[in-house]
Amino acid sequence: MESINIKELNDRIQRESSFVDILTMEMNKVIVGQKHLVENLLIGLLANGHILLEGVPGLAKTLAINTLSQAVDSKFSRIQFTPDLLPADLIGTLIYSQKSEQFQIKKGPVFANFVLADEINRSPAKVQSALLEAMQERQVTIGDETFKLPEPFLVMATQNPIEQEGTYPLPEAQLDRFMLKVVVTYPKKEEERLIVRMNNAGSFPKAAPVLKPEDIVRAREVVKDVYMDEKIERYIVDIVYATRTPKEYGLGSLANMISYGASPRASISLAAAAKAYAVIKRRGYVIPEDVRAVCYEVLRHRIGLTYEAEAENMTTDQIISEIINAVEVP
């Protein structure tokens, strides 16, 4: 009986996920290469999670989220984080109107569907926490009034990995609120040649609106319907547990490398991201490959390294690789 249900579910999700191809095609018109970045943006959008991007300047990070907002026909704001930025610059403030002799609410740039927090580690903790409250609660309080943020609401924050002078690194608890941490790399030679050619010609294509914000809200319901077997659930929990107690999984050598493991939020994010990845691949059920495909992005900012690991130039990605190879696949 169950196999028939899964077949029906698979057929339905194949039909309802046709928008993924349309959206990807529209984004690929503007963004050359960066397939990994585009895919992770879609995962974040469908799984209702926020994204932290790390990469050197000039790798189309701003362009990617701007293009996505154009394709979804929604509101986009870009906030450049600086050391003198105040929470009011982000969420809004109360302004006294002499005409009406009362305070009026002036909403800030966070009231948009897609928010780009550029160089989030450039601003102090006060501003970072104001944004993170909006990300977590999906609401903002100005004065004594609380306002819901629009749906869908996606924050993409960027960090520059090179310059660390005058920056305020995000604390672990705040990093944990990002569903994915995506490392953006340089384009391939052929892709870069195409970028140079497009810039020289001055012909910049623009994304046409192919979806509405309500289509994304509907698509998120489709993602929730994706079937996840108990074995896959156990596999996800095993991977996350291996970051906390590596000895139990025959990874004793990692015990001195990990200062703290991933939180339960990692298990939730891993399951949600795996479901979204299945929808992108036009499938109505999750397979172990889906979990492994999103594992690095979900876990890399949730594992703490000891001084010993840093001395040996061990990265979180290497730790995740060892865990994936050690944990039994269902």
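The residue numbers shown here count from 1 along each chain, following its written sequence. Given that this is a predicted model, residues contribute local features only at a pLDDT of at least 70 and side-chain atom pairs are listed and counted only at 80 or more, while totals for whole chains, interfaces and linings are drawn from all residues. Working from all heavy atoms in the structure, the side-chain values ignore hydrogens and water.

### A closer look at the overall build of the protein
Here is step 1: Each helix is a run of H or I in the DSSP string that is no shorter than four residues. Each strand is a run of E no shorter than two, and both are numbered from the N terminus. When you go through the protein residue by residue, the secondary structure sums to 14 helices and eleven strands.
Here is step 2: The C-alpha radius of gyration computed for the protein amounts to 21 Å, which stays within 12% of the reference 20 Å derived for 330 residues, consistent with globular compactness.
Here is step 3: Each principal axis of the C-alpha atoms in the protein carries an extent, and together these give about 70 × 50 × 50 Å.
Here is step 4: For the exposure calls, accessible area comes from a 1.4 Å probe over protein chains only, and a residue counts as buried if that area is under 20% of its type's maximum, exposed if over 50%, partly exposed in between. Counting only residues that meet the buried cut, the protein has 49% of its 330 residues in that class.
Here is step 5: Any two residues having at least one pair of non-hydrogen atoms within 4.5 Å are treated as being in contact. Sequence-distant contacts in the protein: of pairs separated by 6 or more residues, those separated by 24 or more amount to 78%.
Here is step 6: We get accessible surface area from the Shrake-Rupley algorithm with a probe of 1.4 Å; when it comes to residues, only the shown protein chains can shield them. Of the roughly 16400 Å² of accessible surface on the protein, 52% is carried by carbon and sulfur atoms.
Here is step 7: Of the charged side chains in the protein, 38 are positive and 44 negative, and the gap between their average positions amounts to 5 Å. Values of the radius of gyration come from C-alpha atoms, whereas the globule rule sets the reference at 2.2 Å times the count of residues to the power 0.38. Counted as positive: Lys and Arg. Counted as negative: Asp and Glu. His and the chain ends are not counted at all. Charged groups are reduced to one reference atom each: NZ for lysine, CZ for arginine, CG for aspartic acid, CD for glutamic acid.

### Concerning the nonpolar core
Here is step 1: For the purposes of this section, nonpolar cores are sets of buried Ala, Val, Leu, Ile, Met, Phe, Trp, Tyr and Cys residues that join through side-chain atoms within 4.5 Å. Grouped together as the largest cluster of nonpolar side chains are 76 residues, with contacts concentrated most on L68, I239, L270, V291 and L299.
Here is step 2: Among the elements that make up this core, the one with the highest residue count is helix α11 (residues 264-280) (ten residues).
Here is step 3: For L68, the residues in contact, after removing those within four places along its chain, are L23, M27, L41, L42, L45, F114 and L154.
Here is step 4: Core analysis: the next-biggest nonpolar cluster, separate from the first, contains 28 residues, I91, V110, F111 and F153 among them.

### A few points about the packing of aromatic side chains
Note on aromatic pairs: each is described by the distance of the centres and the angle between the planes.
Here is step 1: Each Phe, Tyr or Trp ring (for Trp, its six-membered ring) is paired with any other whose centre lies within 6.5 Å, and the angle between the two planes then decides the class: stacked below 30 degrees, edge-to-face above 60, tilted in between. A complete count under the given rule lists two aromatic pairs for this structure.
Here is step 2: Note on Y96 and F103: the rings are 5.3 Å apart at their centroids and 65° apart in plane angle, and the pair reads as edge-to-face.
Here is step 3: F103 sits in the exposed class, given a relative accessible area of 54%.
Here is step 4: Measuring from centroid to centroid gives 6.3 Å for F111 and F147, while their planes differ by 85°, and the two rings are edge-to-face. With F111 in the loop between β4 (102-107) and β5 (114-118) and F147 in strand β7 (residues 145-148), the pair connects residues that are 36 residues apart, well separated along the chain. The residues F111 and F147 share a single accessibility class, namely buried.

### Some remarks on the pairing of strand β6 (residues 139-142)
Each regular strand displays side chains that alternate between the two surfaces of the sheet.
Here is step 1: Residues V140 and I142 line the buried face of β6, whereas the alternating positions Q139 and T141 sit on a face that is not buried.
Here is step 2: Should DSSP find at least two bridges between two strands, the strands are regarded as paired. Here β6 runs beside β7; their pairing, made up of four bridges, is antiparallel. Across the sheet, the residue bridging to T141 is T146, located in β7.
Here is step 3: Counting the residues between successive antiparallel strands, the hairpin from β6 to β7 contains two residues, one of them, G143, with a positive phi of roughly 65°.

### Overview of the pattern of salt bridges
Here is step 1: Salt bridge criterion: a side-chain nitrogen from Lys or Arg within 4 Å of a carboxyl oxygen from Asp or Glu. In total, this model carries 21 salt bridges according to the counting rule given.
Here is step 2: Between E16 and R12 there is a salt bridge, and its shortest N-O distance comes to 3.2 Å. Of the two residues, E16 and R12 are both situated in helix α1 (residues 2-16); the distance of four residues between them amounts to about one turn of the helix.
Here is step 3: For R193, the salt bridge goes to E190, with nearest N and O atoms at 2.8 Å. Within this pair, R193 and its partner E190 are both found in helix α8 (residues 189-201), separated by three residues, close to a single helical turn.
Here is step 4: A residue is classified by how much of its surface remains accessible, and R193, at 46% relative accessible area, is partly exposed.
Here is step 5: A relative accessible area of 53% means that E190 is categorised as exposed.

### Side note on the side chain of E297
Here is step 1: With respect to the helices, strands and loops of the structure, E297 is situated in helix α12 (residues 288-299).
Here is step 2: Given a relative accessible area of 3%, E297 falls into the buried group.
Here is step 3: If near-sequence neighbours (up to four positions away) are discounted, E297 is found in contact with H36, N40, M179, L180, K181 and V182.

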